[in-house]
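Letter by letter, the chains look like this.
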Amino acid sequence: MKVGLFLNTQFPEGTDVAARVPEMVTQVKAAREAGFSSLWFPHHWLTWPMQMLAITPVMAYVAAHAQGMTIGPNILILPPQNPMHVAEESATLDVLTGGNYVLGLGLGYREPEFDAFGIPLSERAPRFNEGIGLMKRLWTEDKVTHKGRFYSVTDAGLSVKPIRAGGPPLYIAGQADVSVRRAARIGDAWLIVNSSGLSKTEPLMKTYRAALAGYGRTDAVTDFPITVECYVGENNATAHEECRVPLQYKYDAYASWGLEGRRSVSEIPFTEFARDKFIIGDKVAVKEEIARYRELLGVNHFIMRCQWPGLPVERTLASIRRLGEIFG
């Protein structure tokens with residue numbers, strides 16, 4: 001069983017973001033020393049008033065401190081971007097990480113992002129499918145000619161190929177049956193984001209495993225990652241209150257962005273909102289929850305987000321160290 005760290009690159013309005021960058025490096029070093037195997041990064045555009053560092057430069061910067069850890073986006077929003085550009089950047093990141101880059105991909109959902117690129121939301125899925133096929137060809141063929149519905153390449157090849165044969169593994173996110181089946185068909189893993197809760201994730205996992213069997217890919221997929229908001233406090237009775245305000249800030253922002261089905265956190269008690277979505281408590285409680293998630297879903301790679309906008313870095317580092325003891 002593996003544990004990864006989801007790094008926070010989002011900061012409240014007015015924060016001195018430059019001053020927070022060394023704290024990110026400190027978290028990476030703490031995770032590495034605690035036995036974490038992977039590092040993951042969020043992606044959005046146009047998040048004002050929340051401040052957010054651009055994903056690709058941050059991943060490249062952190063790669064220098066990762067020292068063999070796997071690095072990847074969680075998730076990169078593919079449809080508004082040209083897949084040629086994403087393929088080039090991914091190949092470079094694969095080189096910079098020594099072949100330890102994983103490309104986590106998703107459809108996206110925010111209209112302002114798509115509007116800014118001039119891409120209709122209705123084109124998300126076909127652009128996603130065509131883009132992935134083109135990237136795989138660019139990573140593996142010297143020269144490519146592609147004339148598709150959205151993208152064209154004529155007798156050209158990437159400036160640098162990935163170190164890993166075939167290109168970076170593709171971890172496909174999705175929170176609907178059709179997305180999960182797509183992950184089973186074309187991905188190296190389904191990247192679970194548990195923000196909607198176990199009541200939605202558990203049936204989707206059954207759909208995913210059935211689709212893997214249907215496509216004859218059961219033996220081809222060995223990593224079952226899940227992304228979870230996680231806070232490990234010293235005291236179980238106070239853990240929820242210690243992380244409540246930063247998590248409320250984050251999820252209220254998501255609600256304001258129009259994420260489907262997302263309610264403002266302030267509408268219901270925080271402990272109720274967090275139940276079966278987040279893993280919060282002391283080491284004993286968190287270890288029990290991890291075991292429950294593993295039994296229910298069969299996941300073997302926990303990607304823990306331990307910091308949110310406004311949470312003091314000292315609490316984050318303590319969470320990371322305690323998680324290392326749980327997984328050690």
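These lines cover the structure that appears in this document, whether it is placed above or below. All of these numbers come straight from a predicted model, not from anything done at the bench. (Residues numbered from 1 in each chain as written. Predicted model: local features only at pLDDT ≥ 70, side-chain atom pairs only at ≥ 80, totals over all residues. Heavy atoms only, no water.)

**Concerning the nonpolar core**
Across soluble globular proteins, nonpolar side chains show a tendency to be buried alongside one another.
Then, in step 1: Counting residues in hydrophobic clusters, the biggest one holds 76 residues, and the most contacted among them are Leu105, Tyr208, Met304 and Leu323.
Then, in step 2: Apart from the residues lying within four places of it in its own chain, the contact partners of Tyr208 are Val180, Ala183, Ala184, Ala189, Trp190, Val221 and Phe224.
Then, in step 3: Within the second largest apolar cluster, 14 residues are counted, among which are Cys243, Leu247, Ile268 and Phe278. (Core = buried A, V, L, I, M, F, W, Y, C linked by side-chain atoms within 4.5 Å. Buried < 20%, exposed > 50% of the residue type's maximum accessible area, 1.4 Å probe, protein only. Contact = heavy atoms within 4.5 Å.)

**Remarks on the packing of aromatic side chains**
Then, in step 1: Here the structure, examined in full by the defined rule, presents 10 aromatic pairs.
Then, in step 2: Measuring from ring centre to ring centre gives 5.8 Å for Tyr251 and Phe273, while their planes differ by 70°; the resulting arrangement is edge-to-face. A residue pair is termed long-range when its members are at least 10 positions apart, and Tyr251 in helix α8 (residues 239–257) and Phe273 in helix α9 (residues 270–274) qualify at 22 residues. Comparing Tyr251 with Phe273, the two get one shared label, buried. (Phe/Tyr/Trp six-rings, centres within 6.5 Å; stacked < 30°, edge-to-face > 60°. Helix = DSSP H or I, 4+ residues; strand = E, 2+ residues; numbered from the N terminus.)

**A few points about the pairing of strand β10 (residues 170–173)**
Then, in step 1: With burial as the criterion, each face of β10 is covered, one bearing Leu170 and Ile172 and the other bearing Tyr171 and Ala173.
Then, in step 2: Relative to β10, strand β7 (residues 103–106) runs parallel, the two sharing 3 bridges. Each bridged residue has a counterpart across the sheet, and for Gly104 the counterpart in β10 is Tyr171.
Then, in step 3: Bridge count for β10 against strand β11 (residues 189–193) is 3 bridges, and the pairing is parallel. Paired with Ile172 across the strands is Trp190, a residue of β11.
Then, in step 4: Crossover connection from β10 via helix α6 (residues 177–186) to parallel β11: handedness right-handed. (Pairing = 2+ DSSP bridges. Right-handed = clockwise from strand over helix to strand, strands pointing away.)

**Overview of the side chain of His301**
Then, in step 1: For His301, the location among the structural elements is in strand β14 (residues 301–305).
Then, in step 2: His301 sits in the buried class, given a relative accessible area of 3%.
Then, in step 3: Within the structure, the side chain of His301 is placed 2.9 Å from the side chain of Ser38, a separation counted as a polar contact.
Then, in step 4: For His301, the side chain forms a polar contact with the side chain of Asp223, separated by 3.1 Å.
Then, in step 5: His301 has contacts with Lys2, Val3, Gly4, Ser37, Ser38, Trp40, Asp223, Phe224, Pro225 and Ile226, leaving out every residue within four places of it along the chain. (Polar contact = N/O pair within 3.5 Å; in protein donor to acceptor, adjacent residues only side chain to side chain.)

**Remarks on the packing of helix α7 (residues 198–214) against helix α10 (residues 283–297)**
To characterise two packed helices, one gives the angle between the axes of the helices and the distance between these axes.
Then, in step 1: Taken N-terminus to C-terminus, the directions of α7 and α10 make an angle of 40°; their axes are 10 Å apart at the nearest point. Here α7 is positioned oblique relative to α10, judged by the angle of their axes. Each of Leu198, Thr201, Glu202, Met205 and Arg209 in α7 lies in contact with α10, whose residues at this interface are Arg292, Tyr293, Leu296 and Leu297.
Then, in step 2: Considered class by class, the residues forming the contact of α7 with α10 number 5 nonpolar, 1 polar and 3 charged. (Axes fitted to C-alpha atoms, helices over the stretch in contact; angles between N-to-C directions. Parallel < 35°, antiparallel > 145°, perpendicular 65-115°, else oblique. Nonpolar A, V, L, I, M, F, W, Y, C, P; charged D, E, K, R; others polar.)

**Examining the state of the cysteines**
Then, in step 1: If you walk through the whole model with that rule in mind, you get 0 disulfides.
Then, in step 2: There is no disulfide at Cys230, and the cysteine sulfur nearest it, in Cys306, is 5.3 Å away.
Then, in step 3: According to the relative accessible area criterion, Cys230 is buried, its value standing at 0%.
Then, in step 4: The thiol sulfur of Cys243 is not disulfide-bonded, and the nearest other cysteine sulfur, from Cys230, lies at 9.1 Å. (Disulfide = S-S within 2.5 Å.)

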